[in-house]
Amino acid sequence: MLGKFFQKPTSENGDRVPPGQHLAQGFPVLTYGATPQVSREEWEFSVWGLVQPQKWNWSDFMKLPQNEFTADFHCVTRWSKLDVKWTGVKVTELIKVIQIDSKATHVMEHCYGGYTTNIAIEDFVREENFFAFKLFNEPLSAEHGGPMRLVVPHLYAWKSAKWINGLEFLDHEELGFWERNGYHRRGEPWAEERYSGF
Ligand SMILES: Nc1nc2c(c(=O)[nH]1)N[C@H]1C(S)=C(S)[C@@H](COP(=O)(O)O)O[C@H]1N2
Ligand SMILES: [Mo]
């Protein structure tokens, strides 16, 4: 039954699949609510809060250095996908061109459609995190978060905000959409930080 959609981790990749996860076939779509339809032309991205406010349109953002990425993807609903190939902009490249107040400790990720998710600044500003606009060399589809999403490979994928349009820098932790609804505030898959426990 399950075999049609999920594979058991094989011995070669078993050590890359966190506890309680199965490998998905294909790349499932997981969205709460409707899929925002945002074109590259209308897409805007802002930073605010404990940061010098700044705004980018698509062509400004495309001037940031770009890289290709291969990352594993772990959804808390228990599917994982290994070796997803993306093109995007490292979070650390954006950080170089913004001025964050030294008091900032947390970030709220904001999206078209109203989804939010919170992340501590040390989990956000990591070399392996990136803003993605291509998936397997094709423009990122709307269902997977196009035109632009965040990818945070070391945390459960609900932290990888689709249709991202802003970052709010905070000096305290606030909870995002799923975190207010019982998901763990950090969400580290190897520690199975699925639910908040309160
Ligand atoms: N804006 C927004 N981002 C989101 C979500 C969402 O509902 N809205 N779902 C999250 C969850 S739970 C997962 S598992 C991944 C799924 O990404 P995918 O649909 O590209 O597989 O996106 C995350 N980012
Ligand atoms: Mo998810």
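Here, every reference points to the structure presented above.
Here the structure is a predicted model, which is why all the values come from computation and not from measurement. (Residues numbered from 1 in each chain as written. Chains lettered and ligands numbered in written order. Predicted model: local features only at pLDDT ≥ 70, side-chain atom pairs only at ≥ 80, totals over all residues. Heavy atoms only, no water.)

Let's talk about the environment of N13
The criterion, for reference: Comment: elements are numbered from the N terminus, with helices defined as DSSP H or I runs of at least four residues and strands as E runs of at least two. Only protein chains enter the accessibility calculation, which uses a 1.4 Å probe; a residue whose area is less than 20% of its type maximum is buried, one above 50% is exposed, and one in between is partly exposed.
Structurally, N13 can be placed in the loop between β1 (6-7) and β2 (22-24). Accessibility expressed as a relative area gives 16% for N13, which makes it buried. For the pair N13 and L82, spaced 69 residues apart in sequence, the C-alpha separation works out to 8.6 Å.

Some points on the pattern of salt bridges
Short version of the rule: Salt bridge criterion: a side-chain nitrogen from Lys or Arg within 4 Å of a carboxyl oxygen from Asp or Glu.
All chains considered together, the criterion is met by 13 salt bridges. A salt bridge links D83 to R16; its shortest N-O distance comes to 2.8 Å. Taken together, the residues span a long stretch of sequence, with D83 in strand β6 (residues 79-90) and R16 in the loop between β1 and β2 at a distance of 67 residues. Assessed through its relative accessible area of 28%, R16 is described here as partly exposed. Among the ionic pairs, K63 bridges to D60, the shortest N-O distance being 3.9 Å. Sharing partners across several salt bridges, the network here consists of D123, R126, E128 and R186.

What about the packing of aromatic side chains?
For clarity, the threshold we go by: Each Phe, Tyr or Trp ring (for Trp, its six-membered ring) is paired with any other whose centre lies within 6.5 Å, and the angle between the two planes then decides the class: stacked below 30 degrees, edge-to-face above 60, tilted in between.
In total, this model carries 24 aromatic pairs according to the counting rule given. Between the aromatic rings of W56 and F61, the centroid separation amounts to 6.5 Å while the plane-to-plane angle is 80°, which identifies the pairing as edge-to-face. An identical accessibility class is assigned to W56 and F61; each is buried.

So, the sheet that holds strand β8 (residues 116-120)
For the record, the criterion: By the convention used here, strands pair only if DSSP detects at least 2 bridges between them. Each axis is a line fitted through C-alpha atoms, and for a helix only the stretch in contact is used; angles between axes span 0 to 180 degrees, taken between their N-to-C directions.
Read across the sheet, five strands follow the order β4-β3-β12-β7-β8 without closing on themselves; strand pairing throughout is mixed. One side of each edge strand has no neighbouring strand; the edge strands of this open sheet are β4 (54-57) and β8. For this sheet the average axis-to-axis angle between neighbouring strands, irrespective of direction, equals 15°. For strand β7 (residues 106-111) and strand β12 (residues 164-170), the ladder comprises six bridges, and the chain directions are antiparallel. In the strand pairing of β12, M108 is matched with E168.

Overview of the side chain of E109
Convention followed: Under the convention used here, Asp and Glu are negative, Lys and Arg are positive, and both His and the chain ends fall outside the count. Pairs of residues are marked as contacts when any of their non-hydrogen atoms sit within 4.5 Å.
With respect to the helices and strands, the residue E109 is situated in strand β7. An unpaired buried charge is present at E109: no salt bridge exists, and K159, the closest side chain of opposite charge, is 6.7 Å distant. What E109 contacts, discounting residues up to four positions off in sequence, is Y115, T116, T117, I119, L150, K159, A161, I164, G166 and L167.

Note that every value here comes from positions in space, so none of it alone points to a role or purpose.
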